[in-house]
Amino acid sequence: MIELTDVAYVRSGVADLDKAVWFATEMVGLELVGPADTGAEQPGQADQADQSDQVGRGQPQTQSRSAQLRVDSRHHCLALVEGGSGVIASAFTVADEDALTAAETELERAGYTVSRGSPTAARERRVRSFIQFDDPFGNRIELVSHQVTVTRPVRLTRPAGITEFGHLCLDATDVREAYRFWSTHFNARVSDWVGDAACLMRIDPVHHKLAVFKGDGPGLCHMNFQVAIIDDVFRNWHFLVDNGVEIQMGPGRHPQSTAIFLYFLGPEGFTYEYSYGVRRIEDDAAWRPRTFDPTEPGSIDMWLGPQRKPSTQPQLRPEVP
Ligand SMILES: [Fe+2]
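Since the structure is predicted, the reported quantities are computational estimates derived from the model, not experimental observations.

Some points on the overall build of the chain
Across its full length, the chain holds 5 helices and 19 strands. Counting across all 321 residues of the chain, residues that qualify as buried make up 56%. Surface summary for the chain: the accessible area is close to 12,900 Å², and the carbon and sulfur share equals 53%.

Focus on unusual backbone geometry
The linkage connecting Gly250 with the following residue, Pro251, adopts the cis geometry, with an omega of 0°. Among the secondary structure elements, Pro251 is positioned in strand 15 (residues 247-253). In this model, Arg126 sits at a positive phi of 60°, which is unusual for a non-glycine residue. Assignment of secondary structure puts Arg126 in the loop between helix 3 (119-125) and strand 8 (129-134). Among the residues examined, Arg126 registers a relative accessible area of 13% and is labelled buried. With a phi angle near 55°, His146 is a residue other than glycine that sits in the positive phi range. Inspection of the secondary structure puts His146 in the loop between strand 9 (140-145) and strand 10 (162-172).

Quick look at the pattern of salt bridges
With the rule as written, the count across this model stands at 21 salt bridges. Between Asp72 and Arg74 there is a salt bridge; the shortest N-O distance is 2.5 Å. With relative accessibility at 8%, the residue Asp72 sits in the buried group.

Regarding the pairing of strand 16 (residues 260-265)
Among the 6 residues of strand 16, 5 are classified as buried, and the element is accordingly described as predominantly covered. In terms of strand pairing, strand 15 meets strand 16 through 4 bridges, oriented antiparallel. Of the residues in strand 16, the one forming a bridge with Gly252 is Phe261. Connecting strand 16 to the antiparallel partner strand 17 (residues 271-276) that follows it, the hairpin turn spans 5 residues, and Glu268 within it adopts a positive phi of roughly 60°.

A closer look at empty space enclosed by the protein
Under the criterion given, the structure shown has 4 cavities of 30 Å³ or more. Each pocket or cavity is described by its volume, and for the largest cavity that value is around 50 Å³. Lining of the largest cavity is provided by Glu164, Phe165, Gly166, His167, Val206, His208, Lys209, Gln226 and Val278. It is strand 10 that provides the largest number of residues to the lining of the largest cavity, a total of 4 residues. Taken together, the residues that form the lining of the largest cavity break down as 3 nonpolar, 4 polar and 2 charged.

Brief notes about the nonpolar core
Counting residues in hydrophobic clusters, the biggest one holds 65 residues, and the most contacted among them are Phe92, Leu143, Trp182, Phe225 and Tyr274. Residues within four places of Trp182 in sequence aside, it is in contact with Leu4, Phe92, Asp135, Ile141, Leu170, Asn187, Ala188, Met201, Leu210 and Val212. Residues Phe213, Cys221, Met249 and Phe261 belong to the second largest nonpolar core, which totals 11 residues.

Observations regarding the packing of aromatic side chains
Counted according to the given criterion, the structure contains 17 aromatic pairs. On the numbers, 5.0 Å between centres and 35° between planes, the contact of Phe264 with Tyr274 is tilted. Residue Phe264 is found in strand 16, and its partner Tyr274 is found in strand 17; the two are separated by 10 residues along the sequence. For the residue pair Phe264 and Tyr274, the accessibility class agrees, reading buried in each case. Cluster of aromatic residues (ring-pair linked, three or more members): Phe23, Phe165, Phe225, Phe264, Phe270, Tyr272 and Tyr274. Positioned over the ring face of Trp193 is Arg176, at 4.6 Å from the centre of the ring.

Analysis parameters
Residues numbered from 1 in each chain as written. Predicted model: local features only at pLDDT ≥ 70, side-chain atom pairs only at ≥ 80, totals over all residues. Heavy atoms only, no water. Helix = DSSP H or I, 4+ residues; strand = E, 2+ residues; numbered from the N terminus. Buried < 20%, exposed > 50% of the residue type's maximum accessible area, 1.4 Å probe, protein only. Areas by Shrake-Rupley, 256 points an atom, 1.4 Å probe, with all protein chains shown as cover. Salt bridge = Lys/Arg side-chain N within 4 Å of Asp/Glu carboxyl O. Pairing = 2+ DSSP bridges. 1 Å grid on protein atoms, 1.4 Å probe; cavity = no way out; pocket = protein on both sides within 12 Å on 5 of 7 lines; lining within 4 Å. Points joined across faces, edges and corners; volume = space filled by probe spheres on them. Nonpolar A, V, L, I, M, F, W, Y, C, P; charged D, E, K, R; others polar. Core = buried A, V, L, I, M, F, W, Y, C linked by side-chain atoms within 4.5 Å. Contact = heavy atoms within 4.5 Å. Phe/Tyr/Trp six-rings, centres within 6.5 Å; stacked < 30°, edge-to-face > 60°. Lys NZ or Arg CZ within 6 Å of the ring centre and 35° of its normal.

This is the structure:
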């Protein structure tokens, strides 16, 4: 059993890096950090990405620029990498080097192809070591050890109220099989089901840090940022609308986590979410997962607003040789 201790980061490929960085900072509010691989802090600069995103993918080994963004004590939680458009990887932390090695062994024994990241790639990610593999649906996952913690106060680009990277949501063609994968090999436990449309999983007391939504193929459905107070959700909503950003769903309230949410679309199909007030499951043994029918009014939004699945940024796929 591989124990995931937290979400770590998302790596997303973008064709237009400058536009994606502008949106992430000026619209979402994230703080830009970087360069990616030298250790120096030079806000406002993107830097050269290493080649590990293309490892095993049959893609050209060309240098590309990247940018890293933070919202909490993680060195960064979002890396935007210039190149093909699509999610590159979603990452989780494990406890230490031994846990990472044990995870590598367990996944290989289970038949998954696992690759170790190079020291250069680990340095760029600000982790000591990491491994990569694909889940059964083709989502690229990275497990990392010793992600760097930064104590310098976060300087959000605008006062969006973001307090932390909350969770990430992947797509899979079969949500129940996805849960089988995450609960068999990992410490993920289902908190609630939305029929066969979604499985919300916890790896700690937070109601969900990993969600899987039913989709046509692998991809990142959305990346969530928690905000400090309910007013942030509504202030951000007005800000985004005023700036012509496409709101995908919300403001609304999820009955599962009780979180007040807002989904909105960034460049190149990347969906962001703000939310406030996520449920914590302190008595793990006593919690009984519930099943919500996605066709019932209010099953996604208790406030009965328009329900729509957030759009997914597809997984970058290897080119066919
Ligand atoms: Fe979410």
